[in-house]
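An overview of the molecular structure
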Protein chains: 4
Amino acid sequence: MRGVNKVILIGNLGRDPDVQFLEGNIAVAKFSLATTETFKDRAGKLISQTEWHTVVLWRGLAELAQKYLHKGSLVYIEGRLRTRSWEDKEGNKKFATEVVGDNLVMLDKRMDVGNGDHAVHHGSGSSTSGQQGPGHHGEGYPGIEIPPMGEAADDLPF
Amino acid sequence: MRGVNKVILIGNLGRDPDVQFLEGNIAVAKFSLATTETFKDRAGKLISQTEWHTVVLWRGLAELAQKYLHKGSLVYIEGRLRTRSWEDKEGNKKFATEVVGDNLVMLDKRMDVGNGDHAVHHGSGSSTSGQQGPGHHGEGYPGIEIPPMGEAADDLPF
Amino acid sequence: MRGVNKVILIGNLGRDPDVQFLEGNIAVAKFSLATTETFKDRAGKLISQTEWHTVVLWRGLAELAQKYLHKGSLVYIEGRLRTRSWEDKEGNKKFATEVVGDNLVMLDKRMDVGNGDHAVHHGSGSSTSGQQGPGHHGEGYPGIEIPPMGEAADDLPF
Amino acid sequence: MRGVNKVILIGNLGRDPDVQFLEGNIAVAKFSLATTETFKDRAGKLISQTEWHTVVLWRGLAELAQKYLHKGSLVYIEGRLRTRSWEDKEGNKKFATEVVGDNLVMLDKRMDVGNGDHAVHHGSGSSTSGQQGPGHHGEGYPGIEIPPMGEAADDLPF
DNA sequence: TTTT
DNA sequence: TTTT
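Throughout what follows, the structure given in this document is the object of discussion.

Thresholds applied
- Residues numbered from 1 in each chain as written.
- Chains lettered and ligands numbered in written order.
- Predicted model: local features only at pLDDT ≥ 70, side-chain atom pairs only at ≥ 80, totals over all residues.
- Heavy atoms only, no water.
- Helix = DSSP H or I, 4+ residues; strand = E, 2+ residues; numbered from the N terminus.
- Buried < 20%, exposed > 50% of the residue type's maximum accessible area, 1.4 Å probe, protein only.
- Contact = heavy atoms within 4.5 Å.
- Areas by Shrake-Rupley, 256 points an atom, 1.4 Å probe, with all protein chains shown as cover.
- Least-squares fit on C-alpha atoms with pLDDT ≥ 70 in both.
- Buried area = accessible area lost by both parts, 1.4 Å probe.
- Salt bridge = Lys/Arg side-chain N within 4 Å of Asp/Glu carboxyl O.
- Polar contact = N/O pair within 3.5 Å; in protein donor to acceptor, adjacent residues only side chain to side chain.
- Nonpolar A, V, L, I, M, F, W, Y, C, P; charged D, E, K, R; others polar.
- Pairing = 2+ DSSP bridges.

1. Thoughts on the overall build of chain A
Along the backbone of chain A there are one helix and six strands. Starting at the N terminus and ending at the C terminus, chain A contains elements arranged as β-β-β-β-α-β-β. For chain A, buried positions account for 53% of its 158 residues. Considering only residue pairs separated by 6 or more positions, chain A has 54% of its internal contacts joining residues 24 or more positions apart. In the structure as shown, chain A presents an accessible area of about 6700 Å², 50% of it carried by carbon and sulfur atoms.

What follows is the structure, given as structure tokens:
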């Protein structure tokens, strides 16, 4: 490939995620994310600028969103841009650009009850259910940062 | 700020850039960029997926685009997402998501005559033409990667 | 330029930042940042892997670090890699790779007293003191995300 | 996880990659990559700054490096930082920071004979198990850009 | 040396 | 529609 299509966002959810399940029990989550950047203009005035993004998560990440994200949650999203187009009932061509997330980091301070273990989430759009036992859809999110086997071994031959 | 809105693209221009000049002689360039990613699906079949992005460049970067970019050019673009909305003449709400570029790297092999110096371009959304004398639009693009003064001095006190 | 050198980190400070002031009252901050990634290995076991980074901030960002960051702070850092080398007193060649930050986002939930205004920080390595009045070293850091003038004007000619 | 450790580089190889095979026929490639950034300093002088990085690739990516990369190749590398430490024979503590690549894009203009199909490479920690020897350790690395199954289906329920 |  |  000679292409790169990467988006990195940190922002807050405008509403609770909308999660649905497709055939095959595949979860899809969708939510709006506000990224606010503040800077001084040349006059030195503080300017705050909010941009809204539509984020789509699949499978394991969608399930995490359903469990742990809600209106106001602060998250880091890494993904790619995808523009879909369709015609509405009046025949008008419509476009929507979304960020399809491959990685999710929850940045809210956890003040949870419990052990907080669930706070450790990460994953990627790329699920590998094929490797998993029966019934295990939506678990085990091998993610972007999974190091290749053998790497841990500190026996680099250099 | 607690927000991040960052896009990184590598792809080819679908057409020559469309460059216009606003009042104040401010250049704005716009072009479509195709990012193609190729991967194997689970069946091992090679799949190629092209996504089209609208890229907008301002000022110095727009002028670089005008001078050096054309249909087919391979570029690295770093920028941020921005969605604009408006109503068309029929009163339909329309949305368009664009990538506003803060940095541009030309990746084509230069087979240029001459010194190739012009090949070295970079810049950022944060132009500072205000500092420049009259007539000097489009010069001196202090960019993202401009190191702070004094840094070169290798006298880090640690 | 045909190069890109970019680092993006989210992690926690291992200690309070070490801040020093060089000639000209230029601030330099240095701290260790731990990025911890957790994933499941192929056996399904949760594995946590921490990497330590040396982060260096200059000028305005260094001053922000001094004021607001401390041991444990969660931050987003965007910057570039820089490797320095020197010889120690025994004449051994030493190398140290650091992340020179161009952008800083504080991700801790603020439970501060006060207005929280100080929470809005951002900046970049690229200072522009030249534009500023006398005596104003270290202020007004127009940063990476400063939109070019005129952009706010929603009069894109396309 | 609450951590992110990401590096993005575009630069040229300083030498041909050094590729070795570990037990299990696991390929590891290592090379130096120069990222050169050019900018104008405050006096307007063009300054060029080259940084050298050590890049390590594993498995499928290492094999691609062996086949297609050589001294001078222009590449995009996405990966993470990793610092290793050890003691040399004199008992001095040594550190080396490397970029472990998860994704590789070859940016050289292909003037190849043939179809150039091999030019389309990408990967991530994630390889293409078909290339691997017997024993099949190290299979099925779902990679950064592999879209989740079902996503192609344009039947988003929103 | 951090954090969950 | 979020957050500071």
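Read on for the rest.
2. Some remarks on the relation of the copies chain C and chain D
Mapping chain C onto chain D is achieved by rotating through 180° and translating by 0.0 Å along the same axis, at an RMSD of 0.1 Å. Here the symmetry operator amounts to a two-fold rotation axis. Distance from the rotation axis, computed per C-alpha, reaches its smallest value in chain C at V7(C): 2.2 Å.

3. Quick notes on unusual backbone geometry
Its identity is not glycine, yet N25(B) carries a phi of approximately 65°, on the positive side. Locating N25(B) in the fold gives a position in the loop between β2 (18–22) and β3 (26–40). The phi torsion at R59(C) lies on the positive side, around 55°, for a residue other than glycine. Mapped onto the elements, R59(C) comes out in helix α1 (residues 59–68).

4. Considering the environment of L74(B)
Here L74(B) is to be found in strand β5 (residues 74–87). Residue L74(B) is classed as buried on the basis of its relative accessible area of 1%. Residues L74(B) and A34(B) lie 40 residues apart in sequence; the distance between their C-alpha atoms is 9.4 Å. Non-local contacts of L74(B), meaning those with residues more than four positions away in its chain, are made with R2(A), I10(B), G11(B), N12(B), V105(B), M106(B), L107(B), D108(B) and L107(D).

5. Observations concerning the interface of chain C and chain D
Every contact between the two is made by 31 residues of chain C and, on the other side, 31 residues of chain D. The contact between chain C and chain D buries some 2700 Å² in all, and 45% of this surface belongs to carbon and sulfur atoms. At the junction of chain C with chain D, the criterion picks out zero salt bridges. The interface formed by chain C and chain D contains 10 residue pairs in polar contact (both at pLDDT 80 or more). Of all the elements in the fold, those that place two or more residues in the side of chain C that touches chain D are β1 (4–13), β3 (26–40), β4 (46–58), β5 (74–87) and β6 (93–106) of chain C. By residue class, the composition of the side of chain C that touches chain D is 10 nonpolar, 12 polar and nine charged. Inspection of the sheet shows β1(C) paired to strand β1 (residues 4–13) of chain D by seven bridges, in the antiparallel sense. Bridge pairing in β1(D) places I8(C) opposite K6(D).

6. Things to note about the pairing of strand β2 (residues 18–22) of chain A
All names here are of chain A. In terms of strand pairing, β2 meets strand β3 (residues 26–40) through five bridges, oriented antiparallel. In the strand pairing of β3, V19 is matched with A29. With antiparallel pairing between neighbouring strands as the criterion, β2 and β3 make up a hairpin whose turn holds three residues, including G24 at a positive phi of roughly 85°.

7. Examining the pattern of salt bridges
Taken as a whole and assessed by the stated rule, the structure comprises 20 salt bridges over all chains. One salt bridge connects R84(B) with E98(B), and the closest N-O pair in it is separated by 2.7 Å. In this pair, R84(B) is assigned in strand β5 and E98(B) in strand β6 (residues 93–106), connecting sequence segments 14 residues apart. Given a relative accessible area of 13%, R84(B) falls into the buried group. Using a relative accessible area of 3% as the deciding quantity, one classes E98(B) as buried. Put simply, K6(A), E78(A), K6(D) and E78(D) are held in one network by salt bridges that share partners.

8. Observations regarding the side chain of T35(A)
Inspection of the secondary structure assignment puts T35(A) in strand β3. Relative accessible area serves as the criterion here: at 0%, T35(A) is assigned to the buried category. Only 2.8 Å separates the side chain of T35(A) from the side chain of H53(A), close enough to count as a polar contact. Residues within four places of T35(A) in sequence aside, it is in contact with L9(A), I10(A), G11(A), Q49(A), T50(A), E51(A), H53(A), V4(B) and N5(B).

9. Focus on helix α1 (residues 59–68) of chain B
Residue and element names in this part refer to chain B. Counted residue by residue, α1 has seven buried out of 10 residues, so it is predominantly covered. Among the residues of α1, R59, G60, L61, A62, E63, L64 and A65 are the ones counted as buried. Those residues of α1 that are buried are in contact with β2, β3, β4 (46–58) and β6.

10. So, the pairing of strand β3 (residues 26–40) of chain D
Residue and element names in this part refer to chain D. Burial runs high along β3: 12 of the 15 residues are buried. Pairing analysis gives two bridges linking β1 to β3, with the strands arranged antiparallel. Following the sheet pairing, N12 is matched in β3 by A34. Summarising the sheet, β3 and strand β4 (residues 46–58) pair through 13 bridges and their orientation is antiparallel. Pairing of T36 across the sheet is with T50, part of β4.

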